[in-house]
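# Geometric and topological summary
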Amino acid sequence: MAPATTSSAEARRLIGSRRRTEAPRRMLSPSPPPKKVKSMEEILAKAHYAVVERGDYGDVGCEQCGSGERAEELLLCDKCDKGFHMKCLRPIVVRVPIGTWLCPKCSGQRRRKIIDFFKIKKPNLTEEKCDSPQDTRKRRRRSASLVLQKKRRRLLPFTPSEDRSQRLRQMGSLAHALTALQMEFSDDLTYMPGMAPRSANQAEFEEGGMQVLSKEDTETLEQCRAMCKRGECPPLVVVYDSCEGFTVEADGQIKDMTFIAEYIGDVDFIRNREHDDCDSMMTLLLATDPSKSLVICPDKRGNIARFINGINNYTPEGRKKQNCKCVRYSVNGECRVFLVATRDIAKGERLYYDYNGYEQEYPTHHFV
């Protein structure tokens, strides 16, 4: 028997009926965005807490160093109840806080980026990656020849550390010290309302005149300032000493007559600071008219020069420690104070200068 055949018209009818009887297909809707789940740290950071005291605090130790010694310097967090030495915290806590105190983790504080803290111009990483080894060698040869030229001058530019992570560690130590003293970083003299105006800073007022910074040394100064803006700081690190407080150590070799830093702070008339207890004021201008004499006050704004300590110039041992000096120059008609190395300084050596470089009025008998 021949197989049954179906006409094209009948086939279309059957297909159409099948389509009508099929269940309608669901339109695929876009999946909802995944819900953002907060981490436990974020929840605990905003959660309310109650201060719960232990029955016995004899076993409390520092979370940083693990030691339970120097109990008088241990701070207890009012949220997690963990202990921290004041000197182990970053930034270091100089005084016992008044009222509630939270550790860095419980307070939710974020460390400010070093680049933002010092307002460093961020480098172009793309250009750095595209540099060929030949370009790197050429750049090193050019910098080496530049240093050789600078050696013939009276002032030498500092040589920053080549390792970028080492430079970040150096700047981090300065940021910690400034934050601990509640200071702002500044690399320029500041003239605040109610203090001496910039027009008062005139080198021509100096009694007996002031030495003028030469053209070559001015170029060295500008070169150092440009390096600092790029994040290429002097090879210095700020450390904390239990006897001397904050002090500065060389983190690399520093040659004799190297420019170290400019002394920075608020400029004020010396008559306004006669009863000031700031121990880091620096003479800026000794005018013929005493009412026009100026000082630099780095109590609210400053840089690493603020933490370089002075010597006890009344003892031979103290004078032997001096390895840099303060020099005042007239730069474009204005008074400026620079710290310059007076001999070769080895890595790890602390920096000291004589507070009484110009007038023997500051008492240094108690200096270490």
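Conventions and cut-offs
- Residues numbered from 1 in each chain as written.
- Predicted model: local features only at pLDDT ≥ 70, side-chain atom pairs only at ≥ 80, totals over all residues.
- Heavy atoms only, no water.
- Phe/Tyr/Trp six-rings, centres within 6.5 Å; stacked < 30°, edge-to-face > 60°.
- Helix = DSSP H or I, 4+ residues; strand = E, 2+ residues; numbered from the N terminus.
- Buried < 20%, exposed > 50% of the residue type's maximum accessible area, 1.4 Å probe, protein only.
- Lys NZ or Arg CZ within 6 Å of the ring centre and 35° of its normal.
- Polar contact = N/O pair within 3.5 Å; in protein donor to acceptor, adjacent residues only side chain to side chain.
- Contact = heavy atoms within 4.5 Å.
- Expected span 1.5 Å × (residues − 1).
- Pairing = 2+ DSSP bridges.
- Axes fitted to C-alpha atoms, helices over the stretch in contact; angles between N-to-C directions.

An unreviewed UniProt entry lists the chain under the name Histone-lysine N-methyltransferase ATXR5, from Citrus sinensis.

## So, the packing of aromatic side chains
Counted by the stated rule, this structure contains five aromatic pairs. For the ring pair Phe246 and Phe307, a centre distance of 5.7 Å and an interplane angle of 70° mean the geometry is edge-to-face. With a gap of 61 residues between them, Phe246 in strand E5 (residues 245-250) and Phe307 in the loop between strand E10 (301-302) and strand E11 (309-310) connect regions that are remote in the sequence. Both residues of the pair, Phe246 and Phe307, belong to the buried class. Ring geometry for Phe259 against Phe338: centres 5.5 Å apart, planes inclined by 75°, an arrangement best described as edge-to-face. With Phe259 in strand E6 (residues 259-262) and Phe338 in strand E13 (residues 334-341), this pair connects stretches of sequence that are 79 residues apart. Comparing Phe259 with Phe338 shows no difference in burial state: the two are buried. Connected via pairs of aromatic rings, a cluster forms that spans Tyr240, Phe246 and Phe307. Lying over the aromatic face of Phe269, Arg271 brings its terminal NZ or CZ to 4.2 Å of the ring centre. When the ring centre of Phe307 is taken as origin, the NZ or CZ atom of Arg306, which lies over that ring, is 5.6 Å away.

## Regarding the side chain of Arg306
With respect to the helices, strands and loops of the structure, Arg306 is situated in the loop between E10 and E11. Its relative accessible area of 18% is what places Arg306 among the buried residues. Within the structure, Arg306 has its side chain in polar contact with the backbone oxygen of Pro298 (distance 3.2 Å). Apart from residues lying up to four places away in sequence, Arg306 is in contact with Leu181, Met183, Asp279, Ser280 and Pro298.

## As for helix H7 (residues 164-180)
Taking 1.5 Å as the rise per residue, H7 with 17 residues should run 24 Å; its terminal C-alpha atoms sit 24 Å apart, in good agreement. Along H7, the residues that are buried comprise Gln166, Arg167, Gln170, Met171, Gly172, Ser173, Leu174, Ala175, Ala177, Leu178 and Ala180. Just beyond H7, the residue with positive phi is Gln182, at close to 55°.

## Considering the sheet that holds E6
Taken together, three strands build an open sheet; the order of strands is E6-E13-E12 and the sheet is antiparallel. Looking along the sheet, the strands with just one partner apiece sit at the ends: E6 and strand E12 (324-331). Neighbouring strand axes in the sheet, compared pairwise and without regard to direction, differ in orientation by 35° on average. Where E12 lies against E13, eight bridges are found, and the strand directions are antiparallel. Across the sheet, residue Cys326 finds its bridge partner in E13, namely Leu339.

## Side note on the environment of Asp251
Mapped onto the secondary structure, Asp251 falls in the loop between E5 and E6. What makes Asp251 buried here is its relative accessible area of 8%. Leaving out residues up to four positions away in the same chain, Asp251 has contacts with Ser161, Gln166, Arg169, Gln170, Pro235, Leu236, Val237 and Lys347. A polar contact of 3.0 Å, which involves the side chain of Asp251, links it to the side chain of Gln166.

## Points about the sheet that holds strand E7 (residues 266-269)
The antiparallel open sheet is built from three strands, whose spatial order is E7-E9-E8. Looking along the sheet, the strands with just one partner apiece sit at the ends: E7 and strand E8 (282-285). Here the average twist between neighbouring strands, direction ignored, is 40°. Relative to strand E9 (residues 294-297), E7 is paired through four bridges, and the arrangement is antiparallel. Pairing of Asp266 across the sheet is with Cys297, part of E9.

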